[in-house]
Amino acid sequence: MTEIFSYTACRQVLQLFLAIIFFHVSEYFLAIFFHGRSNVTLRSLLLSKTYILAMTFALLEYCLEVYFFPGLKEHWWISNIGLAILVMGEVIRKMAIITAGQAFTHLIKIYHEEHHKLITSGVYSFVRHPGYCGFFIWSIGTQIMMCNPISTVAFAVVVWSFFAKRIPYEEYFLRQFFGSEYDEYARLVPSGVPFVK
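Residues numbered from 1 in each chain as written. Predicted model: local features only at pLDDT ≥ 70, side-chain atom pairs only at ≥ 80, totals over all residues. Heavy atoms only, no water.

Thoughts on the overall build of the protein
Filter applied, for reference: In DSSP terms, a helix is any run of H or I states spanning at least four residues, a strand is any run of E spanning at least two, and both are numbered starting from the N terminus. Values of the radius of gyration come from C-alpha atoms, whereas the globule rule sets the reference at 2.2 Å times the count of residues to the power 0.38. Note on exposure labels: buried denotes an accessible area under 20% of the residue type's maximum, exposed denotes more than 50%, and partly exposed covers the range between, all computed with a 1.4 Å probe on protein chains only. Whether two residues are in contact is decided by their heavy atoms, any of which lying within 4.5 Å being enough. Only the protein chains shown count as cover for residues, with accessible areas throughout obtained via the Shrake-Rupley method and a probe of 1.4 Å. The convention is simple: Lys and Arg are positive, Asp and Glu are negative, and His and the chain ends are not counted. Think of each charge as sitting on NZ of Lys, CZ of Arg, CG of Asp or CD of Glu.
Helix and strand counts for the protein come out as 6 helices and 0 strands. Computed over its C-alpha atoms, the radius of gyration of the protein comes to 18 Å, within 12% of the 16 Å expected for a compact globule of 197 residues. Structurally, the protein occupies a C-alpha span of about 60 × 35 × 25 Å along its principal axes. Relative to its full complement of 197 residues, the protein shows a buried share of 47%. Counted over contacts in the protein with a minimum sequence separation of 6, partners at least 24 positions apart contribute 79%. Element-wise, carbon and sulfur atoms account for 73% of the exposed surface of the protein, whose accessible area totals about 11100 Å². Across the protein, the mean location of the 15 positive side-chain charges is 4 Å away from that of the 13 negative side-chain charges.

A look at the packing of aromatic side chains
Filter applied, for reference: Note on aromatic contacts: the rings of Phe and Tyr and the six-membered ring of Trp form a pair at centre separations within 6.5 Å, being stacked when their planes are under 30 degrees apart, edge-to-face when over 60 apart, and tilted otherwise. Remark: a charge is flagged as sitting over a ring if the NZ atom of Lys or the CZ atom of Arg is within 6 Å of the ring centre and within 35 degrees of the ring normal.
Summed over the entire model, instances satisfying the criterion amount to 13 aromatic pairs. When the centroid spacing of 4.6 Å and the interplanar angle of 25° are considered together, the rings of Y132 and F163 count as stacked. Residue Y132 is found in helix α4 (residues 130–145), and its partner F163 is found in helix α5 (residues 149–178); the two are separated by 31 residues along the sequence. Judged by its relative accessible area of 12%, Y132 falls in the buried class. A relative accessible area of 4% means that F163 is categorised as buried. If you follow K94 out to its NZ or CZ, it ends over the ring of F23, 4.3 Å from the centre.

Some points on the packing of helix α1 (residues 7–35) against α4
Let me state the cut-off plainly: Axis angles are defined between N-to-C directions and span 0 to 180 degrees, where every axis is a line fitted to C-alpha atoms and, for a helix, only to the segment in contact. Here the word oblique covers every angle except those under 35 degrees (roughly parallel), over 145 (roughly antiparallel) and from 65 to 115 (roughly perpendicular). Note: crossing handedness is left-handed where the near helix turns anticlockwise from the far helix by less than a right angle, and right-handed where it turns clockwise. Amino acids outside the nonpolar list (Ala, Val, Leu, Ile, Met, Phe, Trp, Tyr, Cys, Pro) and the charged list (Asp, Glu, Lys, Arg) are all regarded as polar, and Gly is one of them.
Close contact between α1 and α4 brings their axes to 10 Å; oriented N to C, the two are set at 160°. The angle between α1 and α4 falls in the class roughly antiparallel. Note on packing geometry: the crossing formed by α1 with α4 is left-handed. Residues Q12, Q15, L16, A19, I20 and F23 of α1 form the contact with α4, whose own contacting residues are F135, W138, T142 and M145. Of the residues contributing to the contact of α1 with α4, the split by class is 7 nonpolar, 3 polar and no charged.

Some words on unusual backbone geometry
If a residue is not glycine, its phi is most likely negative; likewise, a peptide bond is most likely trans. Even without being glycine, C147 reaches a positive phi, approximately 55°. Locating C147 in the fold gives a position in the loop between α4 and α5. For C147, a relative accessible area of 7% corresponds to the buried category.

Observations regarding the nonpolar core
Defined as follows: Nine residue types can take part in a nonpolar core, namely buried Ala, Val, Leu, Ile, Met, Phe, Trp, Tyr and Cys, and a core is a set of them joined through side-chain atoms within 4.5 Å.
Y124, F135, W138, F163 and Y182 are the most contacted members of the largest nonpolar core, which has 48 residues in total. For this core, the elements supplying multiple residues, two or more each, are α1, α2 (49–68), α3 (76–100), α4, α5 and α6 (180–188). Discounting residues that sit within four places of it in the chain, Y124 has contacts with A96, T99, A100, F104, I119, P130, Y185 and V189.

Some remarks on a nonpolar patch on the surface
Which entries qualify depends on this criterion: Excluding any residue in a salt bridge, patches collect residues exceeding 30% relative accessible area, merging like charges within 9 Å and nonpolar Val, Leu, Ile, Met, Phe, Trp and Tyr side chains within 5 Å. For this document, the term salt bridge refers to a Lys or Arg side-chain nitrogen within 4 Å of an Asp or Glu carboxyl oxygen.
A grouping of L60, L64, Y67, F68 and F69 is seen on the molecular surface, where their side chains present a nonpolar patch of about 550 Å² in accessible area. Along the chain, the position of Y67 falls in helix α2. Exposure remark for Y67: the relative accessible area of 39% places this residue in the partly exposed category.

Let's talk about the environment of S6
For S6, the location among the structural elements is in the segment before α1. Taking the C-alpha atoms as reference, S6 lies 9.5 Å from P70; in sequence the two are 64 residues apart.

Set out below in structure tokens:
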């Protein structure tokens, strides 16, 4: 039982909780900054039942592995690489939000609004969906940091599947809003999620 309260376990779990808190609180406050308090709900915290279930599963995996296979969690170089990946994903996502400003929303827009412009500068000049790219990287980084082999694979598959469906749906509306301008942009710039055109 002492493995669960070891330095390694305490450090890795604390890093996970800090990463989760920072990610969600910063999403919420950036939404308020760009859209105004009256236009933002608690949904901007991005805490769905599926997400909570996934993180609970990851913590359960961590506890079982740290108890039965404590050596698995002692690979500091893997954990530190995961932390670096997590930070990279966080930076990409927040750059996406800040660059897009009011054009960035947590819900897919199905109606074109006056302030909704096609953003192709900054991080958007490298990937069309840096917010999704950043979250994809961040979510996998959380599990590599925890040295959770099962959750690393599970998070990669589940998050990829979600974005593989969401990106074409969102791009249908973006093509409606911006026409050939978006077609040309999509032809030149990758989506930012592997194997999603």
